Amino acid sequence: MSIVQELPFFPGGTAVTRLAVYDWAAEDGVCGGSPHLHTASTEAYLVIGGTGQVETLSSHGYAAHDLTAGNLLWFSPGTVHRLINGGDLDLLVVMQNAGLPEAGDAVLTFGPEVLADPERYRRLATLPSPDAGEEVVAAAALARRDAALAGYAELRADVEHRGYAALEEFHKAAVNVVRRRVPEWRKLWADKVLAEAQETDTWLTDLEQGEGSHLAKASVARANPRSAERLFGMCGRLQTWAPGIPA
């Protein structure tokens, strides 16, 4: 006899995505994705194939981190990162606070004039619907990547010249980009991440008291790809999975 229940999102309030990093060459001859940061989520890369690098700008300045199969690298909110594809770079991306990145937690490194104009930022950051066709969406993703790279080049040079003061200015601009969306994010976070943490707290309390009724709800879940075609993301082509279904 099986027990019918609502199955959870991926455990821990995280999101898992497979990412094939763009092989589009930029003006500097380097292939890769759109530099950006996350304002409220830590991101992790597990390299499952290929080679490359991730360049970062943080309170520690500029750094370049080599990526090869088996490497695991993660970075906290505020770290500007640029993924570079050295050859067939294939990543498993684990993102904290599932739902927030999809709701606009990321801020691209556009120039100050774009960051200061919410409507202009929205137009440049938003890709057309997949219904527009692959060529149209790819062209928009490439234009977005190149605009972010132009701003990133200026920001990196400024950070290397002035240190954290330059990055702090970008952080302030990023906060202004997202601050209006925080009430929406708070509800997403409360419904998923906080709710799961509170449920674990209940389990621990029950176990401490010698109770284990939640164990009777044990289940197995399977997730299927949302689409046969990989979507265009900030840094490459994405494979995502729908919430769990009974296995």
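No experiment lies behind these values; they were computed from the predicted model shown.

### Observations concerning the overall build of the protein
Right, so step 1: Along its length, the protein carries five helices and eleven strands.
Right, so step 2: If you line up the protein on its principal axes, its C-alpha atoms span 60 × 40 × 35 Å.
Right, so step 3: The burial tally for the protein puts 36% of its 247 residues in the buried class.
Right, so step 4: Long-range pairs, those at least 24 residues apart, make up 73% of the contacts in the protein with a sequence separation of at least 6.

### Observations concerning a nonpolar patch on the surface
Right, so step 1: On the surface, a nonpolar cluster with roughly 290 Å² of combined accessible area is contributed by Trp203, Leu204 and Leu207.
Right, so step 2: Tracing the backbone through its elements, the reader meets leucine 204 in helix α5 (residues 182-208).

### Focus: unusual backbone geometry
Right, so step 1: Notably, aspartate 88 is not glycine yet its phi reads approximately 55°, a positive angle.
Right, so step 2: For aspartate 88, the location among the structural elements is in strand β6 (residues 80-95).
Right, so step 3: Even without being glycine, asparagine 97 reaches a positive phi, approximately 60°.

### Here's the deal with the confidence of the model for the protein
Right, so step 1: Confidence in the prediction of the protein, expressed as mean pLDDT, is 93, and 95% of residues score 70 or more.
Right, so step 2: The model gives residues 1-5 a pLDDT under 50, and that stretch makes three contacts with residues more than four places away or in other chains.

### With respect to the packing of aromatic side chains
Right, so step 1: Enumeration over the complete set of coordinates arrives at five aromatic pairs.
Right, so step 2: Measuring from centroid to centroid gives 4.0 Å for tyrosine 22 and tryptophan 24, while their planes differ by 10°, and the two rings are stacked.
Right, so step 3: In this structure tyrosine 22 comes out as buried when scored by relative accessible area, which is 4%.
Right, so step 4: Across the ring face of tyrosine 62, the terminal group of arginine 156 is positioned such that the distance to the ring centre comes to 3.7 Å.

### A closer look at the environment of valine 178
Right, so step 1: Inspection of the secondary structure puts valine 178 in helix α4 (residues 164-178).
Right, so step 2: In this structure the C-alpha to C-alpha distance between valine 178 and valine 107, which are 71 residues apart in sequence, comes to 7.9 Å.

### Description of the pattern of salt bridges
Right, so step 1: Under the defined criterion, the tally for this structure stands at 13 salt bridges.
Right, so step 2: As a salt-bridge pair, arginine 122 and glutamate 119 come within 2.5 Å of each other at their nearest N and O atoms. Placement of the pair is arginine 122 and glutamate 119 together in helix α2 (residues 118-125), with a separation of three residues, close to one helical turn.
Right, so step 3: One salt bridge in this structure joins arginine 162 and aspartate 158, with 2.9 Å as the shortest N-O distance.

### With respect to the side chain of histidine 81
Right, so step 1: Tracing the chain through its elements places histidine 81 in strand β6.
Right, so step 2: Given the relative accessible area of 1%, histidine 81 is considered buried.
Right, so step 3: Contacts of histidine 81, omitting those with residues within four sequence positions, involve Ser34, Pro35, His36, Leu37, His38, Glu43, Tyr45, Val54, Glu55, Thr56 and Phe75.

### As for the environment of valine 80
Right, so step 1: Assignment of secondary structure puts valine 80 in strand β6.
Right, so step 2: Valine 80 sits 23 residues away from leucine 57 along the chain, and the two C-alpha atoms are 5.0 Å apart.

### A closer look at the nonpolar core
Right, so step 1: If you look at the biggest cluster of nonpolar residues, it comprises 25 residues, and the most contacted ones within it are Leu57, Val80, Val107, Phe110, Tyr121, Leu155 and Phe170.
Right, so step 2: Sorting the residues of this core by element identifies β7 (106-108), α1 (112-115), α2, α3 (134-162) and α4 as the ones contributing at least two each.
Right, so step 3: Residue contributions to this core peak at six residues, all from α4.
Right, so step 4: Sequence-distant contacts of valine 107, defined by excluding residues within four places in its chain, comprise His36, Leu37, Thr39, Leu115, Tyr121, Phe170, Ala174, Val177 and Val178.
Right, so step 5: Within the second largest apolar cluster, twelve residues are counted, among which are Val21, Tyr45, Val47 and Phe75.

Reading the values: the criteria
Residues numbered from 1 in each chain as written. Predicted model: local features only at pLDDT ≥ 70, side-chain atom pairs only at ≥ 80, totals over all residues. Heavy atoms only, no water. Helix = DSSP H or I, 4+ residues; strand = E, 2+ residues; numbered from the N terminus. Buried < 20%, exposed > 50% of the residue type's maximum accessible area, 1.4 Å probe, protein only. Contact = heavy atoms within 4.5 Å. Patch = residues over 30% accessible without salt bridge, like charges linked within 9 Å, V, L, I, M, F, W, Y side chains within 5 Å. Areas by Shrake-Rupley, 256 points an atom, 1.4 Å probe, with all protein chains shown as cover. Salt bridge = Lys/Arg side-chain N within 4 Å of Asp/Glu carboxyl O. pLDDT = per-residue confidence, 0-100. Phe/Tyr/Trp six-rings, centres within 6.5 Å; stacked < 30°, edge-to-face > 60°. Lys NZ or Arg CZ within 6 Å of the ring centre and 35° of its normal. Core = buried A, V, L, I, M, F, W, Y, C linked by side-chain atoms within 4.5 Å.

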